[in-house]
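Residue-level structural notes
Chain by chain, the residues:
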Amino acid sequence: MTSTSEQGGQSVTENLRVIFTEASGVVNAMGFDEDATRDLVEMLAESEEPSQVRLLVDDDVLKWLRDDFMLASTAAELLEADVLEWRAAAGRLDDTLLVTEEMVVSLLTPTEEESAALATDDEEFVAAVRERWNGHWEEGEQFDLRTPAYSRVLDTFADEFGSAVESDFGTVLESAADMDADGWLDEVAVALLVAAKHGQLLYDISRWGEDAGVASKATFSRKKTQLEEQGLLETEKVPIDVGRPRLRLLLGDERLREADTEELASVAHEMLSAAPA
């Protein structure tokens, strides 16, 4: 029996939830833009029993995903759990589709708040679209997000600095995720600020960051210098038995030192936003 259905007026996330509830087996997603990709990753991360998804999108969408640490590390988590796999399309994708064994869904997003899902289970049509999709998938290129899974980031942070410091890191990182300070308040800046809150050494936090795959020691050093110049960080020398003294990180402003963990990101964001260009 062939049927066609239409569902509209809902957000992309709401439509995705309905589609995934009805789908069985692997769900193939093609041509998603940045917003739809974000919705897909977040929905899968929140699902107790998520479907397996193969995501085929433009190279620019995956580059955008890689630049968002929280989203990329969540996607990496889903990859390790065999929930999500992605490839960069070899050519232009004109349609936004979800393809399962039983149906094809065309996803339309006229605005950020609304979307429409047009679905059909016509067997010949579904088979033809699935064959075309498989061809696009085989032609697609592997894409490395170069981002560790979120749980691995937190686990290694706890192993290195203890659970209390790790808890603060997770809290500040998540609260900073929705803030835009021209790229200043990224995962490296957050790690440095939390390390400074607890008086950790620059050597230790930068070594952790490189070993965990978050960023290189050089990136941590550059960011430390930038945050010092903006007045958010200070350092003090700590003598060691052999070699040059290490640098202990300290918060550089009374507002940061007095801020609760939940407020640290917002205070830092205000300071960075107010700083001269």
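Shown above is the structure to which this text applies.
Every chain's residues receive numbers from 1 upward, in the order its sequence appears when written. Whole-chain, interface and lining totals are the exception, using all residues; otherwise, since this is a predicted model, local features are given only for residues with pLDDT of at least 70 and side-chain atom pairs are given and counted only at 80 or more. Hydrogens are left out, water is left out, and the side-chain values use all remaining heavy atoms of the structure.

Now for the overall build of the protein. Counting its secondary structure elements, the protein contains 12 helices and 9 strands. For the protein, the spread of C-alpha atoms along the principal axes amounts to about 75 × 35 × 35 Å. Note on classification: 1.4 Å probe, protein chains only; a residue is buried when its accessible area is under 20% of the maximum for its type, exposed when over 50%, partly exposed between these limits. For the protein, the residues scored as buried account for 46% of the 277 residues in total. Surface accessibility follows the Shrake-Rupley procedure with a 1.4 Å probe radius. Residue values consider only the protein chains on display as shielding. As displayed, the protein offers around 14500 Å² of accessible surface, 43% of which is attributable to carbon and sulfur atoms. Counting rule applied: Lys, Arg positive; Asp, Glu negative; His and chain ends not counted. Taken as the charge location is NZ of Lys, CZ of Arg, CG of Asp or CD of Glu. Once the 23 positive and 62 negative side-chain charges of the protein are each reduced to a mean point, those two points are 11 Å apart. Only runs of H or I of at least four residues qualify as helices and only runs of E of at least two qualify as strands under DSSP, and these elements are numbered from the N terminus.

This part is about the side chain of Thr 147. Here Thr 147 is to be found in the loop between helix 5 (123-139) and helix 6 (150-161). A distance of 2.9 Å separates a polar side-chain atom of Thr 147 from the backbone oxygen of Leu 145. Nitrogen and oxygen atoms within 3.5 Å of one another constitute a polar contact, given that in protein one can donate a hydrogen and the other can accept it, and given that sequence-neighbouring residues count only through two side-chain atoms.

In this analysis, the expected span of each helix is defined as 1.5 Å times one less than the number of residues it contains. Between its terminal C-alpha atoms helix 12 (residues 261-274) stretches 21 Å, which fits the 20 Å expected from 14 residues at 1.5 Å a residue. Turning to helix 12, its buried residues are Thr 261, Leu 264, Ala 265, Val 267, Ala 268, Met 271 and Leu 272. The contact criterion used throughout is that any non-hydrogen atoms of two residues lie within 4.5 Å. Here the buried face of helix 12 lies against helix 7 (163-176), helix 8 (187-197), helix 10 (217-229), strand 9 (246-251) and helix 11 (254-258).

Moving on: the nonpolar core. Residues enter a nonpolar core if they are buried and are Ala, Val, Leu, Ile, Met, Phe, Trp, Tyr or Cys, with the set joined through side-chain atoms within 4.5 Å. Counting 42 residues, the largest nonpolar core has Phe 169, Leu 192, Ile 205 and Trp 208 as the members making the most contacts within it. Among the secondary structure elements, those contributing two or more residues to this core are helix 4 (69-80), helix 6, helix 7, helix 8, helix 9 (202-212), helix 10, strand 9 and helix 12. At 9 residues, helix 8 tops the list of elements feeding residues into this core. By size, the runner-up hydrophobic cluster in this structure holds 36 residues, among which are Leu 16, Val 41, Val 57 and Ala 119.

When a carboxyl oxygen of Asp or Glu lies within 4 Å of a side-chain nitrogen of Lys or Arg, that pair is called a salt bridge. In total, this model carries 14 salt bridges according to the counting rule given. Ionic pairing is found between Asp 95 and Arg 132, a salt bridge with its closest N-O pair at 4.0 Å. Of this pair, Asp 95 sits in the loop between strand 4 (84-88) and strand 5 (97-99) while Arg 132 is found in helix 5, placing the two residues 37 residues apart along the sequence.

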